[in-house]
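# Results of the structural survey
These are the residues of each chain, in order.
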Amino acid sequence: MEIPHKFMITKKLLKYLSLSSLIAILLLSCSPHHEQSTFTNAGPVAQAQSELFYLMFWIAGIIFVLVQGALIFALLNFRRKEHPIPGSDFKLPDIPPKQVHGNTKLEILWTIIPALILVAIAVPTVQTIYSTYEPPEDSDPLEIVAMGHQWWWEFRYPDEGIVTANELRVPTNRPVKVTLQSQDVIHSFWIPQVAGKKDTVPGNTNQMWFQVDEPGNYSGQCAEFCGVAHARMRFRVIAEDEADFNVWLNAMKTPPKTTSSEGYGLFLAHCSMCHSIDSYMNESYEKEITVQDDRWADWFHNQEESARVSAPNLTHLGIRTMLAAGQKDMTRENLIAWIKDPSDIKQGTRMQSVATVYQGGAAKLKEHEVEAIADYLLSQIPDGWGSVSTSTESLEEAEVMVWNTPEEHGEYLFVNQGCSGCHSLNEDEVIVGPSMYGLIDRSGSKVEGLSAEEYIYQSITYPNEYIVDGYAANVMPQIFINLSEEELNALVSYLITIK
Amino acid sequence: MSNVATTEDHYTSTGVDNRKLMMWIFLGSDCLFFGAFISTYLVYRNRSLAGPYPNEILDIPITTVSTFVLLMSSLAMVMGLSYVQQGRQVLGRYWTLATALLGMVFLGFQVYEFSHFAHIGLTPRTNIFGTTFFTMTGFHGAHVTFGVLWLLIFAYSRLAISFKNKMLIVASFISVVVAMAGLMMTETLDVIPHMPFSIAMAVTAIGLIGTITSLYLLKSPDTQPEIVSKEEGNLELAGLYWHFVDIVWIVIFTVVYLVSAKDGAPLL
Amino acid sequence: MTTISYPTFIRRPNEYVSGIWGWLTTVDHKKIGTMYGVTAFLWFLVGGIEALLIRLQLARPEGTILSPEVYNQVFTMHGTTMIFLVVMPLSAAFFNWIVPLQIGARDVAFPRLNAFSFWAFLFGGILLNLSWLTGDAPNAGWFAYAPNTEPQFNPRNGVTYWILGLQILGIASLAAGFNFLTTIINMRAPGMSFMKMPVFIWMTAVVNVLIVLAFPIITVALIQLQFDRLYGTHFFNPTMGGDPVMWQHMFWLFGHPEVYILILPAMGIVSEVLPTFSRKPIYGYSFIVFSGIAIGFLGWFVWSHHMFTVGLGPAANAAFSVSTMAIAIPTGVKIFNWIGTLWGGSIKINTALLFSVAFIGMFVIGGLSGVTHASPPSDAQQQDTYYVVAHFHYVLFGGSLLGLWSGVYYWWPKFTGRFLNEKIGLWHFGIVFFAFNLTFFPMHWLGLDGMPRRVATYPEGMGWDISNLVSTIGSLMLGVGVLVFLYNVVYSNLRMPKTASNDPWDGRTLEWSIPSPPPHYNFDVIPDVKYRDDFWYTKYPELAHNTHGGGSDLESQEDHDGDHADIHMPDPSYYPLFLGLGLAVMLGGFIPFTGHWVVCAVGLIIFIWSFLGWSYEPVNG
């Protein structure tokens, strides 16, 4: 068959080639904002990685032009000079060309030259491998631990005793040495403008380092496929100059302005089994790590029944800029939407599948309750952060309250510590936990040798040891940690009055 | 896959029979199969977080015996192939049967070892040692099992020619099973407290004697019809396979029972 | 040879059987090759639909066409399908069709085993895709990194389908590997020494060595993962001392040779197409051959370049970086020699040649971007981004698939006796070539702009919107290109006359010396080979005096009388079909659905029955 416009085809080929590269150049130039571009280097590590890429890119570019040029030239120049005769396809009016079998010298040449080029790439490669592995020896790096979780990031500052999540604050112009770990599956820690990625592998510990030159926000993202919400596992790096960073460090060790509100009780009742919120306290670092491990182990070994799983630390959530692992800006509206129906923002999130309050879909909370929790969380701002003026009022207010009787004190605690979120006062009504109605009548006989008061006291402090038949373990938060001996006794004396 | 079609009956480029060539390629491939299991075992040495550890559980003497049995089976294989190639078909098949039975004895040892370990508390789920040990040796055992079946079919196809012979073959199988049952009984001593060790050993001995006797009777002249034929069928292929599986066992024996036998709790 | 007669429940087919039963029982390498090709093309359509779903989901930020879970299933199945159900079996189709024809044999060494390979491939693919019907398709990526595939994180059955489907496909590939290696080593026509074999045969040999050595490793890794998932072992469970990185080592120790398993067949095809249409011998035959071997060999020492960010340490990364770069050298040698083949030739530009030339061009791009992530620091920014997606589509689509299409246009007249329509073919080429670049070139930019792979969606305002949209438009055009090819195939069968002569392209290798399509027995007389490109020098003896192939000093074969009645071809057999079916049903029965052991037992019975039947089946020929 006749091939029409043979020459046209090859010209078209050329045209397509140039067209696609033109499109590529257009694409390069037209989008304004590229927060994860690896071409914008905000620190020495990314810089070194880019330089290596540019070296290879230009070498590759030259080879590309030469090879494609030779290919297209050969294709165009050595076309068969034939005029197809209609009716007799594939006539070969020309004689076979010179039968060349090869040229050993040429072969050796085009083996050695690429080898030399590769040596020229390999030498700086190996140098950069080592220089991007450890921070410079004379530096004083900030040590942090980054833990990948399905699907959020935990950041620990072991030297400072601080735990936070999804938002990493670092000082500028100081190397940051990152220890990378994971409890569940493999994730990859990546801040494109600052440093290339490194995986967090369960059971193994990795390390990397980076340094940020200019203050600002840098976008990070999990780069290793880690399950259903992989695309929603982002984080933000906030780089500040040393002074601002130190303000933040101190703030993270300072109590929040308010400690108590309606939302606090609801938070304790529904959220606190997974989310810590009080890591500003002394000695809280080790506790947080242990509790987080316990939550994790609970879920890992008994996924069907566990009502808790490792979850982001919410201490001083009010000063974070984003929520749900970099999904939304931290606004009241967004936070309420997130608490109401986390899956709407992050499909697959464990918050929804594990927490009791979400069993069966969206939160089983009233609108005002969600708002109260959100308000409480947003009020978690370290004392003295930003405007200082109104900070101490509510704290003092809470502390000057006076109780006439222990029972009255206990009733206040029952509501404000969140017990009432799960435990009803009405007969046989089950919210989450057993009803408190008539507690005095049944508690005395539960465990031999324990009086009713002792039994109630024990089951508040060691909930898992005294699970009532038909209720799940690990649901009740360990609220006793927040309570003094006196408060616990007050709570017990209130509880035995409910009839 | 015994009779595989070849379109060119005799001519091959290398002069090697197609099936033999493929068997060699298969064995090369199988090297990587076992290589992967053995590498996993080696990489995972000393990573168990809980016992029992190798140094608490591996019984080197008893496995040495089973290794010796397997090596002897290779000798029997050589004898069998040699007789078949000389045209002494029935004698060859007798040795082939012996090879298969020795393979069964080896498998019996493995069953004994597995159940013994499970009894002490080591299963594939217990720890990393259990996980890697059972899968590696288990898949080796599966290879031996396949070889035993292959050899049995081969041997049976010429030996089971009279009622007497069939009975003797059945008797030899039963005897091997009895011997293994005897070994298993030593394992259950603490379950059946009043059974003395000697009874278990006696059962084992009866089984072994039965096996040897039935094989001897099978070998006696009046059971051997005069068949002289140079046809070796797949025996050479089966032989290659069998020797390979033996060699793999030597490597596994070295790696597990010699190299890692002293491994205990990891030094953390 | 045996005293046992084995009962046959179904009458054995004879050589005159035809129709469906003829296809089901065939052991003819040409029919099996056709079945491979047709089946793989159907899977290609399935994988292509999956690709379009991915692109539609990503066309705009915050796409909602697929839920994240379904998206994960779709991209997992897209990768698995394209690798195991499309490119590998399409290569197998060419192995089947071309290897016996090019080495001058009447069939492969083990025709029934060959049929078994095909059926196992078919049933394995079906088992893998049955998972869609359960709603639980595999969702952990084609690389199935532990512990995301461990039961605690992936409790449903999708990954188990994936494991067992791949086991069956692995067995199919291994059986084919044994078969083709034996065929190539043992069944070459008299006089065809190794260094006189066509380059395609050489590449096939290297590929099958890789298959035979690499698949046992993935088999073991899959067994270990299956045991972890179903029987509670701890191979990749870090809480019990297992190491997830071990999975990665095992997977990539297989996975990297697999990459060459995918590309070398296309390289072999191109090495046949270019000389034919340039009317010149391949330039630097021995260098092309040895660079192919070198690629296959070095391919074993580079697997950790898939793991540069896993944390193996700087020494390991440096070593694997250097070994990876070393692979660029033999690859470059191949490319230079292909250009050398075109140089000074008398080039006939048609669809087959254009696909081959485009293969070189696109493969060069893929190779060069490959070098940029052979360097670990640079790779730290590129690993798991769309840059990598662009890279491997340039080698897998721009490489393997364009090469395979070149082979389709080149050998189609040999397969069918008809030509594919050249005009439609040029449209096919033009659309595919343009759309391919439109789809995948922007992905380079996307990756460098920080877009990770395997994300079900992406936020607005990242600067990724336009590139993704362009890529999606390209992918839809690519779909059109595939439909044009399909139209060409239909058109050729319905409208094109059976005009192909024995040797329509003025070919060089033995397949062009026999009729198109070849008779059942291929060669009347097994040719006696004197030269590399023997058929070419038979046609042009005056060109032979300076050939490197050297004359053969082999004595002429014993005379054949040319009487076809003397040629005995192996009988058809239905046992390969049932053996493959039994294998798939048996392994499928390991998937823990209700009553699965019954299915497993049924499969075992079919398997044993057909195994024994196969063993005792008298074989003619």
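Each value, and the rule that gives it
Residues numbered from 1 in each chain as written. Chains lettered and ligands numbered in written order. Predicted model: local features only at pLDDT ≥ 70, side-chain atom pairs only at ≥ 80, totals over all residues. Heavy atoms only, no water. Axes fitted to C-alpha atoms, helices over the stretch in contact; angles between N-to-C directions. Helix = DSSP H or I, 4+ residues; strand = E, 2+ residues; numbered from the N terminus. Parallel < 35°, antiparallel > 145°, perpendicular 65-115°, else oblique. Left-handed = near helix turned anticlockwise from the far one by under 90°. Contact = heavy atoms within 4.5 Å. Nonpolar A, V, L, I, M, F, W, Y, C, P; charged D, E, K, R; others polar. Phe/Tyr/Trp six-rings, centres within 6.5 Å; stacked < 30°, edge-to-face > 60°. Buried < 20%, exposed > 50% of the residue type's maximum accessible area, 1.4 Å probe, protein only. Lys NZ or Arg CZ within 6 Å of the ring centre and 35° of its normal. 1 Å grid on protein atoms, 1.4 Å probe; cavity = no way out; pocket = protein on both sides within 12 Å on 5 of 7 lines; lining within 4 Å. Points joined across faces, edges and corners; volume = space filled by probe spheres on them. Domains from an automatic or database assignment. Buried area = accessible area lost by both parts, 1.4 Å probe. Salt bridge = Lys/Arg side-chain N within 4 Å of Asp/Glu carboxyl O. Polar contact = N/O pair within 3.5 Å; in protein donor to acceptor, adjacent residues only side chain to side chain. Bend = angle between axes of the 7 residues up to and from the residue. Core = buried A, V, L, I, M, F, W, Y, C linked by side-chain atoms within 4.5 Å. pLDDT = per-residue confidence, 0-100.

### Topic: the packing of helix H2 (residues 29-58) of chain C against helix H4 (residues 111-134) of chain C
Residues and elements named next belong to chain C. Running from amino to carboxyl end, H2 crosses H4 at an angle of 15°, the nearest separation of the two axes being 10 Å. When the axes of H2 and H4 are compared, the pair comes out roughly parallel. Seen from above, H2 lies across H4 with left-handed handedness. Touching His29, Ile32, Met35, Tyr36, Thr39, Ala40, Trp43, Val46 and Glu50 of H2 are Pro111, Asn114, Ala115, Ser117, Phe118, Trp119, Phe121, Leu122, Gly125, Ile126, Asn129 and Trp132, all from H4. When its residues are assigned to classes, the contact of H2 with H4 shows 14 nonpolar, six polar and one charged.

### Quick word on the packing of aromatic side chains
Residue and element names in this part refer to chain C. Inspection of every chain in the model, using the stated rule, returns 113 aromatic pairs over all chains. Summarising the aromatic geometry, the rings of Phe251 and Phe254 are spaced 6.0 Å apart at their centres and angled 75° between planes, so their arrangement reads as edge-to-face. Linking Phe251 with Phe254, this pair stays in helix H7 (residues 244-278), spanning three residues, or about one helical turn. Judged on exposure class, the residue Phe251 and its partner Phe254 are both buried. Members of the aromatic cluster, joined through ring pairs, are Phe41, Phe44, Phe355, Tyr394, Phe397, Trp405, Tyr409, Phe429, Phe433, Phe436, Phe440 and Phe485. Looking at Lys31, its charged tip hangs above the ring of Trp23, at a distance of 5.0 Å from the centre. Of note, Arg188 hangs over the ring of Phe194, and the distance from its end group to the ring centre comes to 3.9 Å.

### Side note on empty space enclosed by the protein
Residues and elements named next belong to chain A. The tally for this structure, following the rule as stated, stands at 15 cavities of 30 Å³ or more. As for the largest cavity, its lining consists of 39 residues, of which His275, Pro312, Leu314, Trp338 and Met351 are closest to the centre. Looking at the lining of the largest cavity residue by residue, the class counts come to 27 nonpolar, seven polar and five charged. Two domains share the lining of the largest cavity, each providing at least three of its residues, namely domain 2 (142-252) and domain 3 (262-394). Within this model, the second largest cavity holds a volume of roughly 260 Å³.

### Some remarks on the interface of chain A and chain C
With 104 residues of chain A in contact, the opposing surface of chain C contributes 124 residues. At the boundary of chain A with chain C, total buried surface from both sides reaches about 9700 Å², with 71% on carbon and sulfur atoms. Arg232(A) is the partner of Glu62(C) in a salt bridge, and the nearest nitrogen-oxygen pair spans 2.9 Å. Those elements that provide at least two residues to the side of chain A that touches chain C are helix H1 (6-30), helix H2 (44-77), helix H3 (104-131), strand S7 (195-200), strand S9 (216-221) and helix H6 (284-301) of chain A. Tallied by class, the residues present in the side of chain A that touches chain C amount to 60 nonpolar, 29 polar and 15 charged.

### Considering the domain arrangement of chain A
Residues and elements named next belong to chain A. Partitioning chain A into structural domains gives domain 1 (2-131), domain 2 (142-252), domain 3 (262-394) and domain 4 (406-495). Averaged C-alpha coordinates put domain 2 and domain 3 at centres separated by 20 Å. Between domain 2 and domain 3, the contact holds 31 residues from the first and 30 residues from the second. Here domain 2 packs against domain 3, burying approximately 2500 Å² in sum over the two surfaces, 55% of which is carbon and sulfur. Joining domain 2 to domain 3, the criterion identifies zero salt bridges. Here domain 2 is connected to domain 3 by 13 residue pairs in polar contact (both at pLDDT 80 or more). For the side of domain 2 that touches domain 3, the secondary-structure elements that each account for two or more residues are strand S2 (152-157), strand S3 (162-165), strand S4 (167-171), strand S10 (234-240) and helix H4 (242-251). Looking at side-chain class alone, the side of domain 2 that touches domain 3 contains 17 nonpolar, six polar and eight charged residues.

### A look at the interface of chain C and chain B
Listed per partner, the contact involves 55 residues of chain C and 51 residues of chain B. Buried area between chain C and chain B, summed over both chains or domains, comes out near 4500 Å², and the portion from carbon and sulfur atoms is 66%. Ionic pairing is found between Arg47(B) and Asp243(C), a salt bridge with its closest N-O pair at 4.0 Å. Taken together, the links from chain C to chain B amount to 14 residue pairs in polar contact (both at pLDDT 80 or more).

### Quick notes on helix H12 (residues 386-416) of chain C
Residues and elements named next belong to chain C. Along H12, the helix axis deviates most sharply at Tyr410, where the bend reaches about 45°; the proline Pro413 sits within four residues downstream. Of all 31 residues in H12, 29 are buried, a share of seventy percent or more. Just beyond H12, the residue with positive phi is Gly417, at close to 85°.

### Considerations on the nonpolar core
Counting residues in each nonpolar core, the largest one holds 289 residues, and the members touching the most others are Trp247(C), Trp338(C), Phe359(C) and Trp405(C). Residue contributions to this core peak at 21 residues, all from helix H3 (residues 68-103) of chain C. When residues of this core are sorted by domain, at least three fall in each of domain 1 (2-131) and domain 2 (142-252) of chain A. In this structure, Trp405(C) is in contact with Phe44(C), Phe355(C), Phe397(C), His428(C), Val432(C), Val482(C) and Phe485(C), ignoring residues within four places of it in sequence.

### Points about unusual backbone geometry
What is expected of a backbone is that most residues other than glycine have negative phi and most peptide bonds are trans. Here the residue pair Gly51(B) and Pro52(B) is connected by a cis peptide bond, since its omega of -5° sits within 30 degrees of zero. As for its placement among the helices and strands, Pro52(B) is situated in the loop between helix H1 (18-43) and helix H2 (54-57). Even without a glycine there, the phi angle at Asn166(A) is positive, about 65°. Looking at where Asn166(A) falls in the secondary structure, it is placed in the loop between S3 and S4. One non-glycine residue, Glu62(C), lies in positive phi territory at about 55°. Position of Glu62(C) among the secondary structure elements: in the loop between H2 and H3.

### Details of the confidence of the model for chain A
Predicted coordinates in areas of low pLDDT are best not read in detail. Residues and elements named next belong to chain A. Residue-level pLDDT values for chain A average 83, and 85% of them are 70 or greater. Note that residues 1-7 has pLDDT below 50 and, in this model, 14 contacts with residues that lie over four places away or in other chains. Throughout residues 387-399 the model reports pLDDT below 50, and contacts reaching past four residues in sequence, or to other chains, amount to ten contacts.

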